[in-house]
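Coordinate inspection notes
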Amino acid sequence: MGESHAHHEKPGLLASWFSVDHKVIGIQYAVTALLFLFFGFTLMMLMRWQLAFPGEALPFGGLLGDSRMPGGIMLPEFYNQLGAMHGTIMVFLGVVPLAVGGFGNFVVPLQIGAPDMAFPRLNMMSYHLYFWGGVVMLSSFFVPGGSAQSGWTSYPPLSNIAGSGQTWWVFGMLFLIMSSLLGAINFIVTIVQLRAPGMTFWRLPFFVWAQFVTSFLLLLAFPAMQAAGVMQLMDRLAGTSFFMPEGLIVSGQAIANTGGGSPILWQHLFWFLAHPEVYVLILPALGIVGEVVANNTRKPLYGYKALVYSVLFVGFMSFIVWAHHMFITGMGTMMSAFFQTTTMIISIPSVVILTCLLLSLWGASIRFNTAMMFALAFIPMFGIGGLTGLPLGLASSDIHLHDTYYVIGHFHYVVAPGTIFALFAGVYYWYPKATGRYLSEKLGRIHFWPSLIFINGIFFPMLIQGLHGVQRRLFDGGQIYAHAQEVLHLNKVMSFSAWGLAIAQIPFIINFFMSLKGGAKAPDNAWQATTLEWLAPSPPPHGNFATVPTVYHGPYEYSVPGMEEDFLPQYVAGNVSSEA
């Protein structure tokens, strides 16, 4: 690692754009991902206006142009663009880069006692590929015909014959995939090779285990999507027909480049990525919640080994459940039975993880800071997301629920009040380490409570609409369907909740920037925690530690009998029986 660390940089938001310091890159990832999340959320708020007031003019909507909103009234094509890009941005440009690129880059080397990532220049390249992939994808809004509008899954043949925005979508996706592959290789090598003396695998914090498994998912799942993206580009630009079925007729015209291609092949390749991708979202979130819960209960994390084995099992199983997204493609009862069985099995380790987190709370003297409140809210929200997923994993019930708002409600409970709440917990928890300042607890509570209320106001009614059979991706929210009439009023409830959720983020944005200068100064070990990152100064310098730390015991030695303090850091020798 010699020359990579030979020069010194000042970490922070305004550090060199081409920094190779893992902390600077982590902050770049985090801030960029938060901006993309805000933009993707803005697209959703536009969609919610159309669903609450279909066909009515949006105030100032005319500013978006007559090709999108003539007279301020949203065109169906623009609604489809918003839907496709909202999903893509939130998953691929928002949550994953924040969870893995942001928190992973900043925290993992510190928690294992490493001076940096194993390949610092590769790390820098990973961020730049991500950033420019996002720029390419967002630029598609300005090309003739607008951005991608075939859903965030981009199913062919619709996506193959869509406008030029789809080509930009695929190019952007290829950038993002390459970024994730480089990052995954870097994390795996760093965790295996750069652990501090004494940091055995059974002494790794749970967050590091979660990132380790996540990196293998990225490394093994993304190449399938890379191949699919290249094939779709070939179909669109070179006249091939990988995904174009024979005899395809569009608007009365036969399409020339059809030759026995398979639209179902895209679905297999996409979901072979996108189901492990769900766990790429969830596992780092579970890791963050584990750290915050252990710290604020002042107890060892219950069932540490069970947690680790569970995330390893989830990682393995996530590769053999992908076709539960495809029950209605006519795969046959035997294959349906296989995939619904594996889907039920993969729910077991998730229950084990939630049970361990709940048992960690038992008998604890809990510190209710903002980070802990978001972590505690994550547990039931993720539980609702998991439970509502079970009927979708069974072929017979999925036939009725597939492509309804029930699916949207289920997935968002996992990702929005689930994963994003965990990410907020991580921001409040590690902000003092990154900046040397605490975030305001008062503003944190003003952020938390409305967010919890409004986010349930958005997604719980979706489950009700889905059980009524209301389809997703309907431009008018189901207004023209008789079976949707009883639940149409919920569109307004969800839309006002969405706008309320947006307002609830204002205290967080104010808190985030004001605390950089005006927040209360934090000591190096801001939360009296046990893991190695709290040994480094806040913010950590280039190289992280003045001397290489030595690890003496496990990561969660809280409330050790016979100790004066209620925490025993990993870097302090103590009479504790722990795994070697």
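Scroll up for the structure.
Computed from a predicted structure; not experimentally measured.

1. A few points about the overall build of the protein chain
Looking only at helices and strands, the protein chain features 14 helices and two strands. For a compact globule of 580 residues, the expected C-alpha radius of gyration is about 25 Å, and the protein chain comes in at 24 Å, within 12% of that figure. Its C-alpha atoms give the protein chain principal-axis dimensions of roughly 80 × 50 × 50 Å. Residue burial in the protein chain is summarised as follows: out of 580 residues, 60% are buried. Carbon and sulfur atoms provide 71% of the accessible area of the protein chain, an area that totals close to 22100 Å². Where the 21 positive side-chain charges of the protein chain centre and where its 23 negative ones centre are 8 Å apart.

2. Some words on the packing of aromatic side chains
Evaluation of the coordinates by the stated rule reveals 52 aromatic pairs. Pairing Phe 201 with Trp 209 gives two aromatic rings, centres 5.8 Å apart and planes at 45 degrees, and the pair type is tilted. Taken together, a centroid distance of 5.9 Å and an interplanar angle of 40 degrees make the contact between Trp 202 and Trp 209 tilted. The exposure class assigned to Trp 209 is buried, which follows from its relative accessible area of 6%. An aromatic cluster of three or more residues is present, and its members are Phe 374, Phe 421, Phe 424, Tyr 428, Tyr 431, Phe 448, Trp 449, Phe 508, Phe 512 and Phe 513. Of note, Arg 195 hangs over the ring of Phe 201, and the distance from its end group to the ring centre comes to 4.1 Å. Here the guanidinium or amino end of Lys 305 rests over the ring plane of Trp 202, the centre of that ring lying 4.9 Å away.

3. Structural notes on the nonpolar core
By size, the foremost hydrophobic cluster in this structure holds 188 residues, and its most contacted members are Trp 169, Met 225, Leu 283 and Leu 286. Considering every element that reaches this core, the biggest residue donor is helix H2 (residues 76-112), with 20 residues. Not counting chain neighbours up to four residues away, the residues in contact with Trp 169 comprise Met 85, Thr 88, Met 137, Ala 148, Trp 152, Ser 154, Met 225 and Trp 266.

4. Looking at empty space enclosed by the protein
What the rule picks out here adds up to three cavities of 30 Å³ or more. Lining the largest cavity we find 21 residues, and of these Tyr 29, Val 96, Pro 97, Ser 179 and Ser 180 sit closest to its centre. Here the lining of the largest cavity gets seven residues from one element, more than from any other, and that element is helix H4 (residues 165-193). Its residues assigned to classes, the lining of the largest cavity shows twelve nonpolar, eight polar and one charged.

Procedures and definitions
- Residues numbered from 1 in each chain as written.
- Predicted model: local features only at pLDDT ≥ 70, side-chain atom pairs only at ≥ 80, totals over all residues.
- Heavy atoms only, no water.
- Helix = DSSP H or I, 4+ residues; strand = E, 2+ residues; numbered from the N terminus.
- Rg over C-alpha atoms; globule rule 2.2 N^0.38 Å.
- Buried < 20%, exposed > 50% of the residue type's maximum accessible area, 1.4 Å probe, protein only.
- Areas by Shrake-Rupley, 256 points an atom, 1.4 Å probe, with all protein chains shown as cover.
- Lys, Arg positive; Asp, Glu negative; His and termini not counted.
- Charge placed at Lys NZ, Arg CZ, Asp CG, Glu CD.
- Phe/Tyr/Trp six-rings, centres within 6.5 Å; stacked < 30°, edge-to-face > 60°.
- Lys NZ or Arg CZ within 6 Å of the ring centre and 35° of its normal.
- Core = buried A, V, L, I, M, F, W, Y, C linked by side-chain atoms within 4.5 Å.
- Contact = heavy atoms within 4.5 Å.
- 1 Å grid on protein atoms, 1.4 Å probe; cavity = no way out; pocket = protein on both sides within 12 Å on 5 of 7 lines; lining within 4 Å.
- Points joined across faces, edges and corners; volume = space filled by probe spheres on them.
- Nonpolar A, V, L, I, M, F, W, Y, C, P; charged D, E, K, R; others polar.

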